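Residue-level listing of the chains:
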Amino acid sequence: MRFPIGPGALVAAAFVGPGTVTACTLAGAQFGYALLWALVFATVATVILQEMAGRLGAAARLGLGEALMAGAGSKPAKIAIAGLVFAALAIGNAAYEGGNIAGAALGAQAIVGEASVPPAVWPIAIGLIAGVALWFGQYRTLETLLIILVLIMSLAFVASAVATRPDWGAMLSGLAPRVPDGGTLTAIALIGTTIVPYNLFLHAAASKERWAHDGGVKAARQDTVAAVGLGGLVSILILSSAAASLFGQSLEISSAADMAVALEPAIGPVARYVVGLGLLAAGITSAITAPMATGYAIAELAPTNDDQIRRRIFRGVSLAILTIGVGITLLGLRPVSLILVAQAANGILLPVVAVFLLMVMNRRSLLGTHVNGLVPNVLGGVVVIVAIALGLRALLRVAGAL
């Protein structure tokens, strides 16, 4: 089966996960439509960075990990970069994978009912689905699976938004940048859950796999705009649904799963099926893409050009991340220490990777005629500044926690 979108769907599948669904739900419930501008900005910024990552893979035939190692120069610099990537992606995604699987399990429970199936069954079932996909799936198979899941997720949240009848005038006013009282951290969270460093590794590697011809750069750009734009639209619809049905009602919403119950007065018993299906699809896609991105990145850091060895590394790393995530979910652990390490590493990695990506995209020796022009460089510079601010915020949060 062929779709008009490709690797960009992996990016959308990755950033619209249970964490983003929850952040958008809480933003809508607490602040109405006031923070819609943050999601629009985050989507545009993500398109800018991801287009560069896709172009790197399609034009230079390099993954971002390979480009990082090639540009590092000295051996100590390569070791430092490899350690930073490992801490941010391997440790971080192992900790966050538990949340992805738990989110998918909550979606499944909302659909069939909590009492119908023992709670431990869902994490194991979701882990097996993701594990089979990662072990046996060739790239094109994984891409097709994730595109289908993204479409299911999109349809579920479109239905939710239509049923709640959002206020279009209030939505338009929410596009004007302003931060309501107490909304600063929520606005930053909406941006931070959309612009994530591991998606840059995933997109470059996927574009390298998908496009090996001269028309690949144009296709990669179109794919990025379409798929990431769709992911941003899904996030906007989630926030709008919560704003239309929950804002001002003083309901306690602690997770996206609570949204299904809260929406029932507005759209009836079907609410749990609509929201549950969307959350299930979001959880499964993130449960696959997080290990997938980590596997690609670590395999690219390996000092070998043997595709078979890299494939074995990819499988081993991705399945290890998935297994840890299932274990965290089953044991009900909150891996606070791992998450703190991951947040600190991500806080450093995001601006470093964003700056390096911008530098690489100006190297004519790698990209030829596909190097950045003035407009991409200016836009990329603005996004780099945002990435630095997000990185500092992550580091300050970790420092406060410690």
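Remember, predicted model here, so these are calculated numbers, not experimental data. (Residues numbered from 1 in each chain as written. Predicted model: local features only at pLDDT ≥ 70, side-chain atom pairs only at ≥ 80, totals over all residues. Heavy atoms only, no water.)

(A) Broad picture of the nonpolar core. One finds L56, L64, L190, F201 and M292 to be the most contacted residues of the largest nonpolar core, which totals 105 residues. At 14 residues, the largest contribution of residues to this core is made by helix α13 (residues 271-301). Setting aside residues no more than four positions away along its own chain, L64 makes contact with L56, L200, F201, A204, E300, V353, F356 and L357. (Core = buried A, V, L, I, M, F, W, Y, C linked by side-chain atoms within 4.5 Å. Buried < 20%, exposed > 50% of the residue type's maximum accessible area, 1.4 Å probe, protein only. Helix = DSSP H or I, 4+ residues; strand = E, 2+ residues; numbered from the N terminus. Contact = heavy atoms within 4.5 Å.)

(B) Examining a nonpolar patch on the surface more closely. A cluster of nonpolar side chains, contributed by I124, L128, L330, L331 and L333, occupies part of the molecular surface with about 500 Å² of accessible area. Mapped onto the nonpolar patch, the elements with two or more residues apiece are α6 (121-136) and α14 (307-331). Secondary-structure assignment places L330 in helix α14. For L330, a relative accessible area of 41% translates into the label partly exposed. (Patch = residues over 30% accessible without salt bridge, like charges linked within 9 Å, V, L, I, M, F, W, Y side chains within 5 Å. Areas by Shrake-Rupley, 256 points an atom, 1.4 Å probe, with all protein chains shown as cover. Salt bridge = Lys/Arg side-chain N within 4 Å of Asp/Glu carboxyl O.)

(C) Just α13, in detail. Over its 31 residues, α13 extends 45 Å from the first C-alpha to the last, a length consistent with the 45 Å expected when each residue adds 1.5 Å. Buried residues dominate α13, accounting for 28 of its 31 residues. (Expected span 1.5 Å × (residues − 1).)

(D) Local environment of the packing of aromatic side chains. The full count for this structure, using the stated rule, is one aromatic pair. On the numbers, 4.9 Å between centres and 40° between planes, the contact of Y296 with F314 is tilted. Of this pair, Y296 sits in helix α13 while F314 sits in helix α14; the two residues are 18 residues apart in sequence, bridging distant segments of the chain. For the pair Y296 and F314, one class covers both residues: buried. Above the face of the W135 ring, R315 is positioned so that its terminal group lies 4.4 Å from the ring centre. (Phe/Tyr/Trp six-rings, centres within 6.5 Å; stacked < 30°, edge-to-face > 60°. Lys NZ or Arg CZ within 6 Å of the ring centre and 35° of its normal.)

(E) View of the environment of T224. Counting through the fold element by element, T224 comes out in helix α11 (residues 216-246). When its relative accessible area of 0% is taken as the criterion, T224 is described as buried. Linking T224 and L10, residues 214 residues apart in sequence, is a C-alpha distance of 9.9 Å.

(F) Here's a closer look at the packing of helix α1 (residues 7-15) against α13. Here α1 crosses α13 at 115°, and the two axes come no closer than 8 Å. Judged by the angle between their axes, α1 and α13 are roughly perpendicular. The chirality of how α1 crosses α13 is left-handed. For the pair α1 and α13, the contacting residues are L10, A13 and A14 in the first and T285, S286, T289 and M292 in the second. (Axes fitted to C-alpha atoms, helices over the stretch in contact; angles between N-to-C directions. Parallel < 35°, antiparallel > 145°, perpendicular 65-115°, else oblique. Left-handed = near helix turned anticlockwise from the far one by under 90°.)

(G) Spatial organisation of the pattern of salt bridges. According to the stated counting rule, one finds six salt bridges in the structure shown. For E51, the salt bridge goes to R55, with nearest N and O atoms at 2.8 Å. You can see E51 and its partner R55 sitting in helix α3 (residues 36-60), four residues apart, about one turn around the helix. When its relative accessible area of 12% is taken as the criterion, E51 is described as buried. Here E51 ties to R221 by a salt bridge, and the two come within 3.2 Å at their closest N and O atoms.

(H) Spatial organisation of α6. A rise of 1.5 Å per residue sets the reference length of α6, with its 16 residues, at 22 Å; its end C-alpha atoms lie 22 Å apart and thus fit the reference within 8%. Every buried residue of α6 is accounted for by W122, P123, I126, G127, A130, G131, A133 and L134. On an axial view of α6, the arc spanned by its buried residues comes to 160°, and they lie on one face. Set apart from the buried face of α6 by more than 90 degrees, the exposed residues are L128 and F136. Residues of α6 that are buried make contact with α5 (75-112), α7 (139-164), α13 and α14. (Arc of directions from axis to C-beta.)

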